Protein chains: 2
Amino acid sequence: MENVKLTEQLAEIIAGTGMVEAEPAFTIAKQGLLDFLSAAFKGGTQVETDRLLRYVSGTGRALLLGTEQGAAAELSALYNGYLGHYLDYDDVNQTVRGHPSTVLYPVLLALASLRPVTGTRFLTAYVIGAEVMARIAKALGTKHYLRGFHNTATTGVIGGAMAAGYLLQLDKGRMLNAMGIAAAQVSGIRLNFGTESKPLQAGLAAQKGVQAALLAEAGIAAGHRVLEGDQGLFALYGEGIREETKEILLGKWGRNWELCKSGLWFKLYPFCSGATHIADAARTLFQEGDFLPEEVQKVEIIFPPGGDAALIHRCPATGEEGRFSAEYVAAVGLNGLPYTLENFSAAPIPPGLLEFMQRIVRRYDGTVVPSKTALPPGRFVILRLHLQDGAVLERRTDTPKGSPGNPLTAEERYQKLSECCPNGLASELMPFVETLESESDLDPLVQLLKTKTR
Amino acid sequence: MENVKLTEQLAEIIAGTGMVEAEPAFTIAKQGLLDFLSAAFKGGTQVETDRLLRYVSGTGRALLLGTEQGAAAELSALYNGYLGHYLDYDDVNQTVRGHPSTVLYPVLLALASLRPVTGTRFLTAYVIGAEVMARIAKALGTKHYLRGFHNTATTGVIGGAMAAGYLLQLDKGRMLNAMGIAAAQVSGIRLNFGTESKPLQAGLAAQKGVQAALLAEAGIAAGHRVLEGDQGLFALYGEGIREETKEILLGKWGRNWELCKSGLWFKLYPFCSGATHIADAARTLFQEGDFLPEEVQKVEIIFPPGGDAALIHRCPATGEEGRFSAEYVAAVGLNGLPYTLENFSAAPIPPGLLEFMQRIVRRYDGTVVPSKTALPPGRFVILRLHLQDGAVLERRTDTPKGSPGNPLTAEERYQKLSECCPNGLASELMPFVETLESESDLDPLVQLLKTKTR
C-alpha cells in the first residue's frame, strides 16, 4: 500500500483536468449556482446574519453577497457559505451526504471577485470540487457520518481546496500542497446541528478551502501522503484504506461526473433534507382532507433503520431546532401549517404543536423494499395516522419532490429564485448564468451579487 | 452519562476563574512569553516566512510580530503562531504533548493589540489556555497522538478559544458557544511534520481559537454537549468518555495549575523536542573526544518502545526534515557540527552525513528503568557507539537540558532572548514582561513587538 501514492495521483489528475471534460456537468452546475444564490439571498433576509457580516466586513475586497461591503478572501467564503446554508435551504448531493454548493460557490466567488476568471474555468472548478467531495465521502465510508462528523464540512474542506486550486491554476505540486494543508483542517461535528453553528461549519469549510489553496499558491509546503497510510485522512476519519479506495478516488475520472450520476437535490422547504419525505407525506395527507388534527390519536413515522440519523431533535423547543426534528416537521404539516420560514425560526414552538408532537412516535422497519428512485438510496418514510375512530391513514414517500428522481421543473426553480432574491435580481441573474460557460469575465455577475438583500 | 454536562461545567468553571495577582503560574507564563518571542523573532529572520506575511498583511490592524503591518485578528494569530513554531524552537509542555505558547500567545496578542486588556487578565488567560490544552490532551488519551493527530493543533484550538474567551470576558453562555465552535474545528495531522505545514498548523490553531471566541462574542450559538456523548469530541478523536474523564477535565481546577506541575520545556536547539535527548548525548560524546567520526562502525539509538514516535524521518533529504530525524540529529552531533539553524534548513543534507546516517540504527528496550525526572515521563535515550577497534562508547539522557527537571538558568534564557531578538529589543522587553501582571495597558508591549525583525 506504501507505493500507491493516492494523494499525489489525485492532485495530479485534478490539476490536469481539461475544461472540455467537465462540460456535460455544466447544466447541473449552473442550476446549483442559481439555487445556491436563492438560498443565500433568502438567508440574508434574516437579520441575525448581520452578526457575521459585521465580523467579516472591512477586512478586504472580496464579495459579500447582498452588500457592497468586502472582506478578505477566506472571510468572504465564510460569510457566503454561512448565508447559503443558514436556512438549510440549499442543495444536497446524496453521495456527499451533504451540501456541496454552499461550500464550493462561496470558495469560487471569493476568488472570482479578486482575480480574472472565465466562466468555463469557474464551472469546471465547481464540477471538480463536487467530484472531490463525493469521492472523499465515499472513500471515508458511511461510518464517518454516523460517528458524528458533518460531511458538508469535512469533505467540503478538501473539495473546496481542490476547486480553489483549479480556479487558481495551481500546478500539480502546489495542488498536492493544497491537499496536505486541507487534510489538516478536516473537522465539523453533527452535535452542532440545530444551531447557527451548522451553517457556520459550511462557511468555515469554505474558508479553509480558499485558505488552503491560497497558502499553497503562496508556496507553503505540506506532506505528500496525507490521504493514504496508517496516519492518513482515511485512517483518522474513516475506515482506513480499503481495497476499493483507489478506485473510488481515481477511477473513471471525468468520464461520468458525480453531478450527472447522483445529481443535486433542490429543496422546496427550508429544513434538513432528511425531513423532506415526512413533509411531502404530511402535506399530501392534510390536503386530502380526511381528518382534523384533533382527531389524530397517534402518528407513526416509519423509517428504514438509521434513516433518521440527521433528525437529532425529538423534543425541539424552537422552530430552528425543529429543522432537525421528524416530530416537528410532521406536526407542522399535519396541522395544515405551511413549510415557510416563519415556522422554522428561533421562536419557541407553540404549545398546541408541542402537545401534538407528544402523539408522534418513530419506528423502524428493515423489511420494507425501497423504490429504485429512492433518495437517499434505500430511504423511505411512511407516515401513518391512527384516528380516534379507529381509521388509519397512510402515506409513503420514497422520492421527495426536488430530488433528482422527482425534480423541480424549470418554472419551479425560477420561482424559488424569484421568491428568494431581491426584487428584479432573478431576471438579471438568469440570462447571465445560463450562458456562463461563454463568459470571459465574471465581474458583471459579481456586481449583480452585491444587490442589497434588504 | 447523559447528565454529566461536562461541556457546560467546563465552560462555567473557565468563565468564573478569578484573577490573582501573585499567581505562582505567572512566573512560568512570563518565561513562556519571552521564550515564545525568542522563537518567533528568530523565525522571522527566515526569509521564507515573508510568504505568509504577504498573505495576511493588509487585512486589519492586529499585531504582526516584527513589522508595522497589520492583519485581521485571526490572520494575526495565524502568522504569529506560524512564526513562533517555524523553527520548532518554542516551548513544550509534556502533558499537552505539544507546544502551548505558540498557539496561546498569538491568540492573546492578536486580541491585546485590538482591545484594552490588563497584564493580569492577559496572563490569567494564558494560564487557563495552557490548562485547557493539557486537560483536553489528557482526556483525549495517548492514542490521539499515536494515531496521527497533532496535539499542538488539536488541543490548541480549544485552549486558544478558551484563552481568547477569557480575555474577552465572555459570560458562561458565550464561553460554552466558543467551546462548541472550537470543538468543530479540531484538526491537525502529524503527516505534515517535517514541512512548513507543521508551524502552519500551530498558526491555524491560533486562528481558529481567536475566531471561535470572537464568533461566540458576536452571538453565534453552538451545541452545548460537544465534549461528552457518543458523538462528542472524545468519542471522535479520543477513546470516548472514560471513568476518569470528568476528574481530568474539572478536578481541582485552579489549585495546582498544569504550568506549575509539569512546567514548560525551553529549547536550546531548533528542532523537535523528541530529538533533544539524542542531541545532548551526541554533543557530550563528541566533546569527550574519545573517537573520530570515521572510526564509528555502528551507532545504536535506544528508546523505550514508542519513544521515537515524533521522529518520523529515518532518511531525511534536507535539514528541515532532519528536525524530525533521530538519525540526522545524532549524525550532526557525532560529527561535531553545531546544532544551529544552518544545519536545519531546507538545504540538502551533505553526502558525508547521509553516509554516516547509514550506520545508525534505532532500537527499543522496554526493560530500562527511566529516571524520576525523565521528560517526557518514561523517556530516555541511550546513544551507543561501536568503534572499528571494538570499543563501545555510551551516553544516556533522561532529562534533557531545558526541560523542567534540568532547567535553563535565568542567564541562559536571557541569552536565548538576546540572540533571537532584533538588536536591543531583549533589554527593552525584559523589564516590561517581568512586571507584566501590574501593567494596566499592554500597548507599550505591542508597540515594542513591531520592531523590525530584519
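For the structure itself, consult the block above.
What counts as what
Residues numbered from 1 in each chain as written. Chains lettered and ligands numbered in written order. Predicted model: local features only at pLDDT ≥ 70, side-chain atom pairs only at ≥ 80, totals over all residues. Heavy atoms only, no water. Salt bridge = Lys/Arg side-chain N within 4 Å of Asp/Glu carboxyl O. Helix = DSSP H or I, 4+ residues; strand = E, 2+ residues; numbered from the N terminus. Buried < 20%, exposed > 50% of the residue type's maximum accessible area, 1.4 Å probe, protein only. Least-squares fit on C-alpha atoms with pLDDT ≥ 70 in both. Contact = heavy atoms within 4.5 Å. Expected span 1.5 Å × (residues − 1). 1 Å grid on protein atoms, 1.4 Å probe; cavity = no way out; pocket = protein on both sides within 12 Å on 5 of 7 lines; lining within 4 Å. Points joined across faces, edges and corners; volume = space filled by probe spheres on them. Nonpolar A, V, L, I, M, F, W, Y, C, P; charged D, E, K, R; others polar.

Enquirer: Give me the lowdown on the pattern of salt bridges, citing residues and values where you can.
Expert: Proximity of charged atoms lets side chains of opposite charge pair with each other. Within the structure shown, the criterion is met by 46 salt bridges over all chains. One salt bridge in this structure joins A:Glu217 and A:Arg115, with 2.8 Å as the shortest N-O distance. Taken together, the residues A:Glu217 in helix H11 (residues 197-217) and A:Arg115 in the loop between helix H6 (101-112) and helix H7 (119-140) connect sequence positions 102 residues apart. The class for A:Glu217 is partly exposed, based on a relative accessible area of 25%. The exposure class assigned to A:Arg115 is partly exposed, which follows from its relative accessible area of 33%. Residues B:Glu247 and B:Lys252 are paired through a salt bridge, measuring 3.8 Å at the closest nitrogen-oxygen approach. By sharing partners, the salt bridges in this structure join A:Glu300, A:Arg363, A:Arg384 and A:Glu394 into a single network.

Enquirer: Describe in detail the relation of the copies chain B and chain A, supporting the description with residues and values.
Expert: For the pair chain B and chain A, the best superposition has an RMSD of 0.5 Å and corresponds to a rotation of 180° with a translation of 0.0 Å parallel to the axis. The superposition operator between the copies reduces to a two-fold rotation axis. Measuring from the rotation axis to each C-alpha of chain B, the shortest distance belongs to B:Thr59, at 2.3 Å. An overlap of 98% is found between the interface residues of chain B and their copies at the interface of chain A, pointing to a shared contact surface.

Enquirer: Before we move on, can you summarise helix H3 (residues 26-44) of chain A with the specific residues and values?
Expert: Given a rise of 1.5 Å per residue, 19 residues ought to cover 27 Å, and the 26 Å separating the end C-alpha atoms of H3(A) matches this to within 8%. With 16 of 19 residues buried, H3(A) is to be regarded as a mostly interior element.

Enquirer: Requested: an account of the layout of surface pockets, with residues and values cited.
Expert: All names here are of chain A. Volume-wise, the largest pocket comes out at about 950 Å³. Lining the largest pocket are 37 residues, and of these Leu191, Phe193, Thr195, His313 and Glu321 sit closest to its centre. Of all the secondary-structure elements, those providing two or more residues to the lining of the largest pocket are helix H8 (142-147) and helix H16 (319-322). Taken together, the residues of the lining of the largest pocket sort by class into twelve nonpolar, eleven polar and 14 charged.

Enquirer: Any chance you could break down empty space enclosed by the protein for me, citing the residues and the numbers?
Expert: Residue and element names in this part refer to chain B. Taken as a whole, this structure holds four cavities of 30 Å³ or more when the rule is applied. In terms of lining residues, the largest cavity is bounded by Gln31, Leu34, Asp35, Ser38, Phe266, Leu408, Arg413, Tyr414, Lys416, Leu417 and Met430. Within the residue set of the lining of the largest cavity, elements represented by two or more residues are helix H2 (24-44) and helix H18 (410-420). Per-class residue counts for the lining of the largest cavity are six nonpolar, two polar and three charged. The calculated volume of the second largest cavity comes to roughly 80 Å³. As for the second largest cavity, its lining consists of His85, Tyr86, Asp88, Gly194, Thr195, Glu196, Lys198, Pro199, Glu320, Arg323 and Phe324. Here the residues of the lining of the second largest cavity are counted per class, giving three nonpolar, three polar and five charged.

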